[in-house]
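The primary structure of each chain is shown beneath.
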Amino acid sequence: MRTVPKWINKIHEAEKTEYSCVQSLCYSPDGTQMIVAASERVMVYDPQDGSLIRLLRGHKDTVYCVAYAKDGRKFASGGADKIVIIWTSKLEGVLKYSHNEPLQCLAYNPITHQLTSCAVSDIAFWSNEVKAVQKHRVNGSGRITCCSWSLDGQLLAVGLSNGFVSIRDKNCEERLKISREGCPVWSVLWTESALLVGDWSETLSFYNASGQQVMKDRPIGLMPVCLNRLGELILVCGVKGWIITTLEGVPVLKNSQQWVWSIEHCDNTNTIALGCLDGTLWCYQIVFNKVHGLYHEKYAYRENLTDVIIHHLTSGTKVKIKCHDKVQKIAIYKHRLALMDNVASSHPFLPWSDILVQLPERIVIYEQSDTDGMLYRVKEKIPQKAECSLLVATSSALLLCQDAKLVMIGGKNLASWNVPASIRYVKVTTVQNKEALLLGLANGEIWKVDLDEASMEVLVTIESAIRCFDLSSSKSMIAIVDESCCCHVYMIATQQLLFTFGKAENASSVSWHATYEDLLCYSGGGMLSIKLVPFPESSQPVIGSVVGFQKGHVFCLQANAMQSINVPLSHAMHQYIQNHMFKYGRCLSFEAYNIACLGVPNSDWESLGFAALEELSLSVAKKAFQRIENVLFLELVDVLEEMLNQGDNASKALSVAEVYAYRGKFIDAARLYRSNGQSHRALTMYTDLRLFHKAQEYMDSEDVSDLIKKRAEWAQHINEPRVAAEMFLAAGDIKSAANIMAQNGWVDMLVETGRNLDKGASDNLYVVAQALISIGHLESATELYQKLGDQHAMVKMAVKMENWEQAFQLVKQNPEYKEEVYIPYAQQMARDNHFIEAHKAYHMGGQTESAARVLGVLIQNAIAEERFNDAAYLHWLLASQSLEISQTVDDIDQQQNWIESYNENEKYATIYFTFHIVHQSIHEVFSVCQPETLFNAAKIFLSLVENNVHPPKGISLLYCALTVFSSVYLCLAKQGRLLGANKLARQMLDKIQNLKVPFKIQRPRQNLKYSSIRDFHRENVEVLTLLSRAGLNDSNEVTPLCYRCSHHFTPLSTVCNYCRHNLYHSFLTFEVVINVLEILPLVAFTIEDDITVEEALQLIESDVSSLEARPNDQENSQILRIENLSNLKDVFSNKSFEDDKNGKVVCNREDLKILQPLSVIVINRPKPLETLFFRNVMPDLHIQYCPHCYKLFYVDDLESQLISKALCSFCRSQLIDGNGTEPLKSIISSSSFSLE
């Protein structure tokens, strides 16, 4: 590093001959202004030429300090007049404030741009955000001399004349003090790592933010008054001159001068400005000399004068070595580095294997501690203070070159040589397997120095001075660049000139490739040229001098920086390709493949592979395509290898044809295919290329269909689906055509295709049907399935279309598919809240558990909503289901279980049916039921429930037992009083007294006024009690008459107390105002075990003359009118009641013959239920039964029911159907149901 004076200026006092002392100066951040404080003026200079731009007036006394803000918007000045003035970058004063004492120093915070002004004993802060100036007093006897902000703007260091340094925070609160033992502190400076303190003991000291000294004091040989930064260096000025040191305080440049008050560096112009006591203003240009060394890919250079950076140019790895002294020369060879120091070494010199660095008074040798890494350690220090122009390192010695003298200071022997001319270039290399030193001289000679034998000889001589030279990798050739900018290549062994080049390019440097013999590069005239012997060179613009060439990298020195440039070797590779030199191996050193391995782009690898394929150099082609991972051509190489293994000429020709096809030379490939009898390959090639007009030239009659398919596929690919579909149809590929039609929604085309197909083409018909299904046209698909006769598919289509009528008809014809129909239908009915239909469908579909679950949920909902009539109907459906299942079960135990389930659900249906009538009369304002109906319903309910161990749901859970029975008892009491059953009424009222009356029964009518509901109920029961006492006994009208034994029994009895005969009631809906549940004049009887039902019917009908057919007889029943009752009465009255404890009348054959046919009712129930026989003791009262639930009715009442609803009041089955069949749907109340 050196400094060159750029300009100098003298500052005079105003209108005087005396010079003004330069107190302070600073640069603007952009380097366009230099602010100088001299006398009472602030002067602005142009840093480029030192011309005065403007003279700023505002101070009335000497200006001591100036400072520029880091943002470049403003600067400040202060002086002996105790005034601080803020100036803008446009040189306009904007603000002024004062101190109580003269100003000593100014500093801007680098982060907040807050101005700090220091007077003798106080510190002030000013910023744009806070207009008021904040002042802080500095306690102590010393006056303030200097200040500096830390780089992060958090700490302020203030130097005092009493030898202390005060460290303060942003709020000016003192954190700590540093003592310099009474030496006045005149300069402080913060760096990234430490605080530098300069005092008048002519030393620099280093402290951290905690006030601890981090390095020993550095003597600098002058009393510092100002410190500043120069990149990674420190500028120091004061008494006796100025110096430049490292961050550790190591002086690297000294300059003796008069008293220098201020020093400043400009980063933009790389200049230094000095302000002196005598008014001189100096500006120096800094020039850094490049100190570096290169060995193969390792490049060592100097940084910040005292550090050495080792840069691995290929990997980019860098290592820094701190030498703590100025580095003058660097030598690197293999694993070595060398320097020079002031400290002498007592150790003998040992062979080094690292880097040599020359320091001012010593040479330091570094060795590489790891073989593969970049770690270095000091191995040796040699005391050597000598001037030299070149420092050279070899494997066993160290050489110093100065003009025409060469001195070896290391190794086994110390020696020196004098050559006839100045040494211009030095290179350490190996010649004939011995390490040698080659010297290029100014007289055109190249000398070889044998260091082991200390001998010298002339190797090559040229006409002009040597500028640069390099040896080939085999050391057989040498390339020399002379002063005329020509490059000469000589054969070393014979000193024969092979060729000369580079004159036009003004060659300045040359380098052979480190590995390959025939490849070199040279630079000059802003161009870099790559030459492959013996072909012409290729050039590219590059500024700098080439110093190395390895693999695909050229190391080029550009100004003061070394760069690694990637150079593609495509030109050299293509030169080999053009000469058909593809092979690789020892016999041909540099051929296309080897050059490509040095570094070419993927496109060149591809070109190499293609060229090798055309020449059938498959090994080269395979390696080339492996580099770029071209799987397609690698597969081609494998195919060609198999073909070539056959060894005949046809295989070679076909291999070439395959290459032509892959390379796009289709005409040549097709011609070779045809000439070798492989026309089908040409056909395949052209069809793959969609060149169908070309493919027709190579087509046989057998290939027409395949060609049409190929054309159809291409039409589909280019988005012409209709053309593709038509072509597929023409080729007979119905599946592909149908898929295209379905994708485009062409229903008409699909239907037409299906209709045109013959029934024998079943596979194609199925394909078309599936295509129609995929686009939702199910009707047409069903038509095709019908054409095929596929009943199963038709069932699926009907279900998918929800065409249930058609599905049911198909199931009738094909019962094996009923589950596929009824289960989806049941699921749909459940979704639509048609749960009865869902139950029946589940049942018909064979899922009895699902059907029972549906009904179970419906029953729970009906009971919860007090729809007991619906609950009765649902239980009857469960009973019907159980009966139907029992007919299909073969196991006796299972059949008996289902029969028990039927009986239980039929009983529950009767319970809910009767309780519905009672519940309706209690909880509705208007009731249409007759008293007899209510009385009989309540009586039947009590007979079925009162003694039941397991009461039905809703009776025991949803309604508490007390609530239910209180309703029934009240109904019996009221209706019994109306019918004259006073005794029964009193019994019911007595029971009510002990029960909790439900709220609904207690509810008074709206037009009555009572103080409470309980008062109304009490009065209601009491009134009924008084009224019932009017008669002591029950009327005969309410005491039932047994039609078997003609005895009356208690009103609540449903079984005769004398003959144990059951009473039978008429079941009709309560909406018809008739005597519902009236006792029927029937006597049940059975036949003996040895008499079958058919025989019994024949015996009863044996007296044909007494039969009279009734027009209203149903097909499942036989009603016989009894004309003569005298004999029959004797038959039934002769039975002994005492022996018949079950109340059964058992008839033998004689008895059956006597019976009048018109007075006998026979109910043929389905197996396994028994057939029921009844005798009508009052034949004039015609009785009929429901063929579904087998409940009995008066014929007149049944006719009224049929006229009103045509439904059975109990099972809600349709009794009359115009079509003569039972419909699937049944009617249930309109209340909504939900499945839980």
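Just so it is clear, the structure is predicted and the values come from calculations on it, not from any experiment.

Trainee: Where do I start with the overall build of the protein in this structure?
Mentor: If you tally the helices and strands in the protein, you get 31 helices and 63 strands. Out of the 1236 residues belonging to the protein, those deemed buried represent 52%. Relative to all contacts within the protein whose residues are 6 or more apart in sequence, the contacts with residues 24 or more apart total 45%. Looking at the protein as shown, the accessible area adds up to about 57,700 Å², and 48% of this sits on carbon and sulfur atoms.

Trainee: What's the story with the sheet that holds strand 18 (residues 185–190) in this structure? I'm lost.
Mentor: With respect to topology, four strands assemble into an open sheet ordered 18-19-20-21, the strand pairing being antiparallel. Sheet topology places strand 18 and strand 21 (213–219) at the edges, where each strand pairs with a single neighbour. The average angle at which neighbouring strand axes cross in this sheet is 15°, direction not considered.

Trainee: Sorry if this is basic, but what is going on with the pairing of strand 5 (residues 52–56) here?
Mentor: A regular strand carries its side chains on alternate faces of the sheet. Here strand 4 (residues 41–45) runs beside strand 5; their pairing, made up of four bridges, is antiparallel. Bridged to Met43 within strand 5 is Leu55. Between strand 4 and the antiparallel strand that follows it, strand 5, lie six residues; Gly50 among them carries a positive phi value of about 80°.

Trainee: Mind showing me how you'd approach the pattern of salt bridges here?
Mentor: Two side chains that carry opposite charge are able to pair once their charged atoms sit near each other. Taken as a whole and assessed by the stated rule, the structure comprises 21 salt bridges. Close ionic contact of Arg168 with Glu174 constitutes a salt bridge, the shortest N to O distance being 3.8 Å. By relative accessible area, which is 6% here, Arg168 ends up buried. Overall, the relative accessible area of 38% leaves Glu174 in the partly exposed class. With a shortest N-O distance of 3.3 Å, Glu192 and Arg229 are connected by a salt bridge. Pair noted here: Glu192 is in the loop between strand 18 and strand 19 (195–199) and Arg229 is in strand 22 (residues 223–230), with a separation of 37 residues, a long-range link. Residue classification places Glu192 among the exposed positions, given a relative accessible area of 55%.

Cut-off values and rules
Counting from 1, residues in each chain are numbered in the order their sequence is written. Whole-chain, interface and lining totals are the exception, using all residues; otherwise, since this is a predicted model, local features are given only for residues with pLDDT of at least 70 and side-chain atom pairs are given and counted only at 80 or more. For side-chain calculations, the full set of non-hydrogen atoms in the structure is used, while hydrogens and water are omitted. Helix and strand definitions here come from DSSP, where helices need a minimum of 4 consecutive H or I residues and strands a minimum of 2 consecutive E residues; each element is numbered from the N-terminal end. Here's how the labels work: a residue is buried when its accessible area is under 20% of the maximum for its type, exposed when over 50%, partly exposed in between, all with a 1.4 Å probe on protein chains only. By the convention used here, residues are in contact when the closest approach between their heavy atoms is within 4.5 Å. Every accessible area reported is derived by Shrake-Rupley at a probe size of 1.4 Å, with residue values counting cover from the shown protein chains alone. Should DSSP find at least two bridges between two strands, the strands are regarded as paired. Every axis corresponds to a line fitted to the C-alpha atoms, with the helix fit spanning only the stretch in contact, and the corresponding angles, defined between N-to-C directions, vary from 0 to 180 degrees. The term salt bridge refers to a side-chain nitrogen of Lys or Arg lying within 4 Å of a carboxyl oxygen of Asp or Glu.

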